[in-house]
Amino acid sequence: MDLFWLRTWQLGIKSLLLHPLRSLLTVLGIFVGVASVIWLLAIGEGISRKAQEQIEGLGADNIIVRSVKPPSEVTERTRGVLPYGITRDDYKRLVATIPTIRSALQIRELPRRLSYGPRSVPDGNLVGCTPQYMEVVRLEVDVGHFITPVEVRQKATHCVLAAEVARKLFPLEDPIGKAIHIEEAYYVVVGVMKPKGSTAAIGGSLAAKDFFNDVYIPITTLQARIGDFVIQRRASSFEREQVELSQVTLRIDRIENVEDTAKLVEETLAPHHRNRDYSITVPKELLERAKTTRLMFMIFMGVIAAISLVVGGIGIMNIMLATVTERTREIGIRRALGAKRRDIVRQFLAETVVLSAVGGVTGVLAGLACPVVVGWIWYLLETYLPRAMSQLPDVVKTMQPAIVPESIPLAFGIAVTIGVIFGLYPAMRAAAMDPIEALRHE
Amino acid sequence: MILAARLADVTKDYVLDGETVRALRGITIDVPEGDFVAIMGASGSGKSTLLNLLGCLDRPTSGSIFLGDDDVSRLKDDDLSEIRASRIGFIFQSFNLIPQLTVLENIQVPLYYQHRLSSRDRQRCRDLAEMVGLADRLKHRPTQLSGGQQQRVAIARSLVNDPYFLLADEPTGNLDSVTTQEILDLLVRLNGEGKTIILVTHEPDIGRLARRTVRLMDGQILSDERREDVESRRHPVDSIP
C-alpha cells in the first residue's frame, strides 16, 4: 500500500472521528449484525448437535417398538381390564420372521416408588430387562455388574441402580449388597451404572428419555413378581391395564436395512393391533430428519441475521448520505484542488469500509465470546429463575453453543460487502456533485 | 511573451428554467506570465463564470481556453481535475480549508491528488508555511486560526503545485481592513517574485493594486487597462521556496 492509500485511510478515520458518537452508533449496527450471525448460527449448531447426540444415543442401527396406550375413546369403551401394547407373542413373531434382526431386546417398564430406610425415590422407574440392554442403550457399569443371564434365568431378586438413584438412596454408603424396597419386595443391589445423558424422545412422547431414576431388574423377575397387570388409581375408580412388554428394541444387522426392516416390523404388528397401541421409532430416520431440520434452522437463523446486517447497512447508508450533504463544501474544495470523481468515491468508500470493518472485527470478537456468555446466561437463569429453567426443553438447557467456523469469515465478509454496497451510492452522489455548486454550498 | 492563460472568443450559455442565459458573450484575454490582473464587474457581469472557466471548473460553450500551450476547453472531467491539481492555485473568499486537516495537511492537499508526497514535497509544504508566517502553526486546525491566518494557509496551498497562475476570488472579502492589507501585501509580494495572479473582485480599492484591470459588463469586456504606478506598492521580498 503506497502512501496515497495510507493517506486515504488516515483521512477516512480522521473524518469519522469528527463525529465519534455518530460513527460509534453506525458501527453498532454492523457490530450487532455480525455478532448475531455468529451467535445465531452457533446456538443453532449447538442445539442441533445436542439433538443429534440424543438421537445417536438411541443407536442408528436400532428400531424401537413401544407400547402406547390407545386413545381415550377406545379405553372408555372397554370395561374391566384393558390389554394393550406389544405382547411376548409379538416379540417371538418379530424375531422368528424377520431375518435382518441381529438381536432383540424386550423391556417392561413400570413407575415405582423406590426406598431404602428413610430415603426414597417416589418417581422411580422400574425397568425389567435382559443383559443386552446395557449394550443396546449404551450404559456403562460404574460399580458391580449389570444384570447377568444367570440372574435372568433364575429370576433373581437383584437390581442395578442408575447413578442418580444410587446417589439419592445411598448418599454415604456403598449400595452394593444392600436390599432396596420396591413395591412389596426387596431387591439386592448388585451394580450401579455411570450417569447417562438423555436421549431423544421415543414412542410418541415429547419428553426426552432420561435414565436418571431407573432401577434395572431381570425381566423374568418382573414378570414373575409383578406380572402384566397394572392397577392405577384414578379419581373415582381403579383402572386395570394389562401390558406385557413396554418396549422392544431391535438391532438390525446392517444399517442400510433399517428402513426396510422398519416396514416389515410395521406389517408384522399391524394385523394384531387394530387399535394402533404401539409405535415404531427409527432413530436413523430421526437422525436424517434432524439433519434436514438443522439445515432449515441454519437457513432460518442465517436469514434473520442477514436481515440485521442489512439494517446495519442501511444505517451506514443513512449516515453517509447525511455526511455527504454535510460535507458538500469539502467535496467542492477537494474537487477544485484537483480531486477526480474517483478520488471522492474512494474517500467516502474508505470511510464506509472503516465503519463496517470496525463493526465486523468487534462483531467477530463478540461472536467468539458466545459460548462464554451463554454459559453465564444459563448460570444466571439457574440461580435466579430455576423454575423458568426447568420448563425449558432438555436440548436447550444442556446446549453448548458451537461456533460454526465458516460463520466468521462469512459474517465479516458480508459486513464489509454491505458497507461497500451501501456506501457506494452516497459516495457516487458525492462524486457526481458539480464542483462549482458544491463550492457555493454553505 | 509567454502566456500563462489565454481566452479566445469564449462564450458560455446556461440553460435556466428552459431559458438560455448568455453569461459570457465572446471574451478574449491574454494573461502573460507574471501579470497581475484584476477582473472587476458588478454581480451578474459574468466574472464568476469567467473565474470558473479560468479555474477549469467548467467548460466554455464555444471558444478556446489555453493554459500554457494546452487547450483545456474540451477536456474530460478527469483531465480537468489533473489540470486543476497541477497548474492552478485557488484562493477563495471563504478560505475553504478542510476543517479536519491540520495546516500542513491542508497545504498538502493538491499534491495528494497528484499522488506526489515525497519527502521533498513535504519539506516544500513546510517552507511555504514558513513563507506565509505560519511555521509555528503547522499542527493547528483551521478553526484554531484567525481569518487572516486561514487565508495565508490557503495562499500557501495555492502555491504548493507551482501553478501557472493564482486565481483569487475576492480573497479579502471576509477579512477586516488590517488583515486585508496583510493579504494584499502578500499577493503583491508574490507577484513581484514573478507569480501570475488573476484576482476577481468588485472592490475598486483592491483592483487598483493590480497592474491591469479588466472590467466586465453583461458578459463582455468593457475595458482592459494597464497601470504603471503599481511598482511603487511593491515590497522587498523573500524568495519563494
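Above: the structure in question.
Computed from a prediction, not measured in an experiment: that's the story for all the values here.

## Digging into the sheet that holds strand 7 (residues 165-169) of chain B
Residue and element names in this part refer to chain B. Taken in spatial order, the 6 strands line up as 6-7-8-3-9-10 in an open sheet, and their pairing is mixed. Every other strand in the sheet has two partners, leaving strand 6 (88-91) and strand 10 (220-226) as the edge strands with one partner each. Looking at each pair of strands side by side, their axes are set apart by 20 degrees on average, direction ignored. Looking at chain direction, strand 6 and strand 7 are connected through 4 bridges and run parallel. Within strand 7, the residue paired with isoleucine 91 across the bridge is alanine 168.

## Details of the interface of chain B and chain A
Residue-level contacts link 21 residues of chain B with 18 residues of chain A. Listed by contribution, the elements that provide at least two residues to the side of chain B that touches chain A are helix 2 (77-87) and helix 3 (103-112) of chain B. Considering each element in turn, the side of chain B that touches chain A owes the most residues, 6 residues, to helix 2 of chain B. Residue composition of the side of chain B that touches chain A, grouped by class: 9 nonpolar, 7 polar and 5 charged.

## Thoughts on the sheet that holds strand 4 (residues 62-67) of chain B
Residue and element names in this part refer to chain B. With antiparallel pairing, the 4 strands of this open sheet are ordered in space as 2-1-4-5. Looking at strand neighbours, the two that pair on one side only are strand 2 (19-32) and strand 5 (70-71), the edges of this open sheet. Here strand 4 pairs with strand 5 via 2 bridges, running antiparallel. Directly across from phenylalanine 66, in strand 5, lies its bridge partner aspartate 71.

What counts and what doesn't
Residues numbered from 1 in each chain as written. Chains lettered and ligands numbered in written order. Predicted model: local features only at pLDDT ≥ 70, side-chain atom pairs only at ≥ 80, totals over all residues. Pairing = 2+ DSSP bridges. Helix = DSSP H or I, 4+ residues; strand = E, 2+ residues; numbered from the N terminus. Axes fitted to C-alpha atoms, helices over the stretch in contact; angles between N-to-C directions. Contact = placed C-beta atoms within 7 Å. Nonpolar A, V, L, I, M, F, W, Y, C, P; charged D, E, K, R; others polar.

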